[in-house]
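Chain residues, written in single-letter form:
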Amino acid sequence: MQQLVGVKQIFQLLARCQTAIDVCMGADIPRKKGPALMKSDMLVVNKIELAEHVEVDLAQMRADTSANRGDLPFIFGSMRKGVGVTELADFLKIQGGLQ
């Protein structure tokens, strides 16, 4: 049986630091500049489809996230609905040395 992923690649993938927040946590999360927001390799802002129900302005949240993360990547998506899943999977493949 051929080994598809090496042990080194698994550890590299696990060493990546991703942080996930959801829109329901509030639009002020990106403005708080917590360490997870500021230093994680990838930030996922999930459940964007719920923004209107919790009175979150996604455009403002995206602007705050962009301003506070600088060059660090982030994804606004809905993992349940498949929005942003491809981008996250691509990030994990590349950063984990699987591609």
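Computed from a predicted structure; not experimentally measured. (Residues numbered from 1 in each chain as written. Predicted model: local features only at pLDDT ≥ 70, side-chain atom pairs only at ≥ 80, totals over all residues. Heavy atoms only, no water.)

Novice: Teacher, can you tell me more about the environment of Phe76 here?
Specialist: For Phe76, the location among the structural elements is in strand β3 (residues 74-76). C-alpha of Phe76 to C-alpha of Asn46: the two residues are 30 residues apart in sequence and 6.1 Å apart in space. Beyond its immediate chain neighbours, meaning those up to four positions away, Phe76 contacts Val45, Ile48, Leu58, Met61, Arg62, Thr65 and Val83. (Helix = DSSP H or I, 4+ residues; strand = E, 2+ residues; numbered from the N terminus. Contact = heavy atoms within 4.5 Å.)

Novice: Where do I start with helix α4 (residues 58-69) in this structure?
Specialist: An α-helical turn contains 3.6 residues, so a residue and the one three or four places further along point in the same direction. Under the 1.5 Å per step criterion, the end-to-end length of α4 is 16 Å for twelve residues, consistent within 8% with the ideal 16 Å. The set of residues buried in α4 consists of Met61, Asp64, Thr65, Asn68 and Arg69. Along the axis of α4, the buried positions cluster into a sector of 115°, meaning they face one direction only. Of the residues in α4, the exposed ones pointing more than 90 degrees away from the buried face are Ala59 and Ala67. Looking at the buried residues of α4, the elements they touch are β1 (18-22), α2 (29-32), α3 (35-39), β2 (42-46) and β3. Looking at where α4 begins, the residue whose side-chain oxygen comes 3.1 Å from the main-chain nitrogen of Ala59 is Asp57. Where α4 terminates, the next one or two residues include Gly70, which has phi positive at roughly 65°. (Expected span 1.5 Å × (residues − 1). Buried < 20%, exposed > 50% of the residue type's maximum accessible area, 1.4 Å probe, protein only. Arc of directions from axis to C-beta. Polar contact = N/O pair within 3.5 Å; in protein donor to acceptor, adjacent residues only side chain to side chain.)

Novice: Explain the nonpolar core to me, please; I cannot follow it from the model alone.
Specialist: In globular proteins that are soluble, nonpolar side chains generally tend to be buried together. The biggest cluster of nonpolar side chains holds eleven residues, and these are Ile21, Val23, Ala27, Ile29, Leu37, Leu43, Val45, Ala51, Val56, Met61 and Phe76. In this structure Val56 touches Val23, Ala27, Ala51 and Met61, once residues within four positions along its chain are discounted. If you look at the next biggest cluster of nonpolar residues, it comprises five residues, including Met42, Ile75, Leu88 and Phe91. (Core = buried A, V, L, I, M, F, W, Y, C linked by side-chain atoms within 4.5 Å.)

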